[in-house]
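Residue-level structural notes
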Amino acid sequence: ALTSYKNVEPQWPDAELKSEYDVIIVGAGGHGLGAAYYLAKEHGITNVAVIDKGWLGGGNTGRNTTIIRSNYLYDESARLYDHAVDLWDGLSQDLNYNVMFSQRGVMMLAHNVHDVQSFKRHIHANRLNGVDNVWLTPEQAKEKCPPLNISPNARYPVMGAAFQQRGGTARHDAVAWGYARAAAARGVDIIQNCPVLSIERGPDGAVSGLQTARGFVKAKKIAVSAAGGTSVVMDTAGVRLPLESYPLQALVSEPVKPIFPQVVMSNTVHAYISQSDKGELVIGSGTDQYVSYSQRGGLPLIEHTLAAICEVFPIFRRMRMLRKWGGVVDVTPDRSPILGKTPVKGLYLNCGWGTGGFKATPGSAHVFAHTIAQDEPHPINAPFTLERFETGRLIDEAAAAAVAH
Ligand code: FAD
Ligand code: PYC
């Protein structure tokens with residue numbers, strides 16, 4: 001069946017690893033590929049390699065439920081995530097690649113008094129930061145999303161919802177492919193199936209290069225964007241990180257005709273759901289409760305999630321699930337990312353996105369490229385330092401993370 005594809009041009013060349021680069025990015029997820037693209041496009045730095053141990057986009061970028069929103073509590077986070085929403089808006093045009101960004105709106109359900117108070121606090125803070133987020137009554141929520149059960153007798157009664165209209169979804173693979181194609185067109189080498197084994201440092205302590213499965217490569221600057229694998233890679237440079245890696249799972253149903261117009265999240269019952277353009281219900285759960293580097297999780301979590309979905313959306317009780325999978329998410333103590341310089345000269349870090357970094361992809365990649373090129377943070381990522389875990393200047397977004405972990 002694939003013979004008809006034999007004359008199709010690859011979208012980026014399968015590059016040979018050179019002996020030396022100005023910048024090497026470890027991790028060909030959306031964040032790493034995006035940073036390479038912006039390095040080339042906005043800073044004129046094109047002697048760049050993006051190296052991945054597996055296939056491009058095969059990490060969390062290709063495994064997530066693609067929810068995009070910027071309704072975070074603190075000013076620092078609102079600036080970072082809203083910068084991303086602004087870039088999502090023009091991304092398909094910028095990359096000349098349809099990333100299928102769909103601003104269908106994200107609804108977060110409140111099931112108890114605590115949820116109501118917490119969401120209203122977020123809505124007020126968001127409004128002060130120019131981030132759209134409004135309160136919906138149960139009836140208004142149902143009007144937007146007809147499958148929602150708002151009966152007062154429901155097991156998980158809906159007491160209202162926070163709603164961000166500018167939020168939505170994008171096609172995760174297309175984001176990786178679009179950045180990869182656009183970066184490669186500007187001269188970036190994309191190297192797949194090449195595990196990075198260690199970061200090497202010279203006598204002055206600065207980075208000198210990487211040991212990879214294909215040998216040593218010299219680099220003036222190294223940027224690590226390896227999500228769940230970050231702490232292992234950084235350890236080889238002598239940098240210990242406040243990260244824990246957990247499995248996070250998702251699953252899809254059989255495809256059906258359009259039935260679900262928004263993205264709906266419920267942190268309290270540990271479930272979130274949207275409908276893909278193919279018609280599948282895309283459903284996700286909370287993290288497994290143990291640390292692991294395996295890209296699969298335990299069945300009890302999925303059962304719990306589906307039980308919750310059946311209570312909140314009884315219409316879906318007889319849907320059949322097609323497949324499930326997991327990713328490895330890198331979680332910081334304050335549920336905010338680490339995005340900036342490190343104590344090692346020439347070594348830059350973009351990690352700690354945990355359960356919620358897909359939405360940030362263009363914004364994070366954009367300011368990370370600035371940080372690498374200028375050797376100083378962009379004002380937007382300046383607060384997201386590694387040092388904050390020593391100084392105590394934390395950015396606690398556990399509530400806005402909205403995924404149980
Ligand atoms: P990745 O895409 O994971 O890329 C990192 C890359 O580094 C990988 O390709 C990996 O192979 C590579 N790597 C690791 N170690 C090495 C090494 N030693 N050598 C070479 N390469 C290496 N976020 C949202 O905003 N919305 C959501 O709805 C959402 N849902 C999620 C659902 C699930 C099930 C999961 C798992 C995550 C979800 N997330 C969500 C989180 C989101 O997917 C991630 O935060 C984001 O994709 C991280 O992107 P990245 O480019 O940093 O990492
Ligand atoms: O961060 O919005 C999010 C999210 C939804 C599902 C997983 N993460």
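This structure is a prediction, so every number in the text was calculated from the model and none was measured.

1. Notes on the overall build of the protein chain
Of the regular secondary structure elements, the protein chain holds ten helices and 18 strands. Radius of gyration (C-alpha) of the protein chain: 21 Å, near the 22 Å computed for a compact globule of 405 residues. When contacts within the protein chain are restricted to residue pairs at least 6 apart in sequence, long-range pairs at least 24 apart make up 75% of them. Element-wise, carbon and sulfur atoms account for 52% of the exposed surface of the protein chain, whose accessible area totals about 17200 Å². Placing the 38 positive and 37 negative side-chain charges of the protein chain at their respective mean positions leaves the two points 5 Å apart.

2. As for the packing of aromatic side chains
In this description, an aromatic ring pair is defined by two values, namely the gap between the centres and the angle between the planes. In the structure shown here, the tally under the stated rule is ten aromatic pairs. Ring centres of Tyr 81 and Trp 353 lie 5.9 Å apart, and the angle between their planes is 90°; on these two criteria the pair is classed as edge-to-face. With Tyr 81 in helix 2 (residues 75-95) and Trp 353 in the loop between strand 18 (347-351) and helix 8 (361-374), this residue pair connects regions lying 272 residues apart in the sequence. The pair Tyr 81 / Trp 353 is uniform in exposure class, with both members buried. Arranged with centres 5.9 Å apart and planes meeting at 40°, the rings of Phe 313 and Phe 316 form a pair that is tilted. Across this residue pair, the class does not change: Phe 313 and Phe 316 are buried. Ring pairing ties together the aromatic residues Tyr 37, Tyr 38 and Tyr 179, which thus form one cluster. The ring of Trp 135 has Lys 120 lying over it, and the distance from NZ or CZ to the ring centre is 4.9 Å.

3. Points about the sheet that holds strand 6 (residues 160-164)
The strand order across the open sheet formed by eight strands is 5-6-4-13-14-15-12-16, and the pairing between neighbours is mixed. Each edge of the open sheet carries a strand with a single partner, namely strand 5 (134-136) and strand 16 (321-331). Ignoring strand direction, the axes of neighbouring strands in this sheet form an average angle of 20°. In the sheet, strand 4 (residues 106-110) pairs with strand 13 (residues 263-266) via three bridges, with the strands oriented parallel. Within the sheet, the bridge partner assigned to Met 107 lies in strand 13 and is Val 264. Sitting on the sheet, helix 3 (residues 113-128) touches strand 4, strand 5 and strand 6, and the angle it makes with strand 4 is about 145°. Relative to strand 15 (residues 280-287), helix 7 (residues 299-312) is tilted by about 125°, and along the sheet it contacts strand 4, strand 12 (244-255), strand 14 (271-275), strand 15 and strand 16.

4. Quick word on the environment of Lys 18
Here Lys 18 lies in the segment before strand 1 (20-26). Overall, Lys 18 belongs to the partly exposed group, its relative accessible area being 39%. In contact with Lys 18, not counting residues within four places along its chain, are Asn 47, Asp 189 and Val 217.

5. So, the site of ligand 1
Close contacts around ligand 1 come from 34 residues, with Asp 52, Asn 60, Thr 61, Thr 65 and Lys 359 the closest. Separating an oxygen atom of ligand 1 from a backbone N or O atom of Thr 66 is a distance of 3.3 Å. Burial of ligand 1 by the protein chains amounts to 95% of its free accessible area of 1000 Å². Put simply, the parts of the chain that give the shell around ligand 1 at least two residues each are helix 1 (30-43), strand 12 and strand 16. Per element, the largest residue contribution to the shell around ligand 1 is three residues, and it comes from strand 12.

6. Looking at helix 2
Taking 1.5 Å of rise per residue, 21 residues should cover 30 Å, and helix 2 covers 29 Å from first to last C-alpha, within 8% of that figure. The largest bend along helix 2 reaches roughly 45° and is located at Asp 89. Positive phi appears at Asn 96, one or two residues downstream of helix 2, with a value of about 55°.

7. Some remarks on empty space enclosed by the protein
Throughout the structure, instances matching the rule amount to three cavities of 30 Å³ or more. Estimates place the volume of the largest cavity at around 90 Å³. What lines the largest cavity is a set of twelve residues, and nearest its centre among them are Arg 335, Trp 353, Gly 354, Thr 355 and Gly 356. Each pocket or cavity is described by its volume, and for the second largest cavity that value is around 60 Å³. What lines the second largest cavity is Arg 69, Asn 71, Met 108, Phe 119, His 122, Asn 133, Ala 162, Ala 399 and Ala 400. For the lining of the second largest cavity, the elements supplying multiple residues, two or more each, are helix 3 and helix 10 (398-401).

8. Structural notes on the nonpolar core
Among the nonpolar cores identified, the biggest contains 54 residues, and Ile 25, Leu 33, Leu 39 and Trp 88 are the most heavily contacted of them. Broken down by secondary-structure element, the contributors of at least two residues to this core are strand 1, helix 1, strand 2 (48-51), helix 2, helix 5 (172-185) and helix 8. By residue number, the principal contributor to this core is helix 5, which donates eight residues. Dropping the residues within four chain positions of it, Ile 25 is found in contact with Gly 32, Ala 35, Ala 36, Leu 39, Val 48, Ala 49, Val 50, Ile 51, Ala 223 and Ser 225. Among the nonpolar cores identified, the runner-up in size contains 28 residues, and Ile 51, Val 196, Val 224 and Leu 241 belong to it.

What counts, and where the lines are drawn
Residues numbered from 1 in each chain as written. Chains lettered and ligands numbered in written order. Predicted model: local features only at pLDDT ≥ 70, side-chain atom pairs only at ≥ 80, totals over all residues. Heavy atoms only, no water. Helix = DSSP H or I, 4+ residues; strand = E, 2+ residues; numbered from the N terminus. Rg over C-alpha atoms; globule rule 2.2 N^0.38 Å. Contact = heavy atoms within 4.5 Å. Areas by Shrake-Rupley, 256 points an atom, 1.4 Å probe, with all protein chains shown as cover. Lys, Arg positive; Asp, Glu negative; His and termini not counted. Charge placed at Lys NZ, Arg CZ, Asp CG, Glu CD. Phe/Tyr/Trp six-rings, centres within 6.5 Å; stacked < 30°, edge-to-face > 60°. Buried < 20%, exposed > 50% of the residue type's maximum accessible area, 1.4 Å probe, protein only. Lys NZ or Arg CZ within 6 Å of the ring centre and 35° of its normal. Pairing = 2+ DSSP bridges. Axes fitted to C-alpha atoms, helices over the stretch in contact; angles between N-to-C directions. Near = heavy atom within 4 Å. Polar contact = N/O pair within 3.5 Å; in protein donor to acceptor, adjacent residues only side chain to side chain. Expected span 1.5 Å × (residues − 1). Bend = angle between axes of the 7 residues up to and from the residue. 1 Å grid on protein atoms, 1.4 Å probe; cavity = no way out; pocket = protein on both sides within 12 Å on 5 of 7 lines; lining within 4 Å. Points joined across faces, edges and corners; volume = space filled by probe spheres on them. Core = buried A, V, L, I, M, F, W, Y, C linked by side-chain atoms within 4.5 Å.

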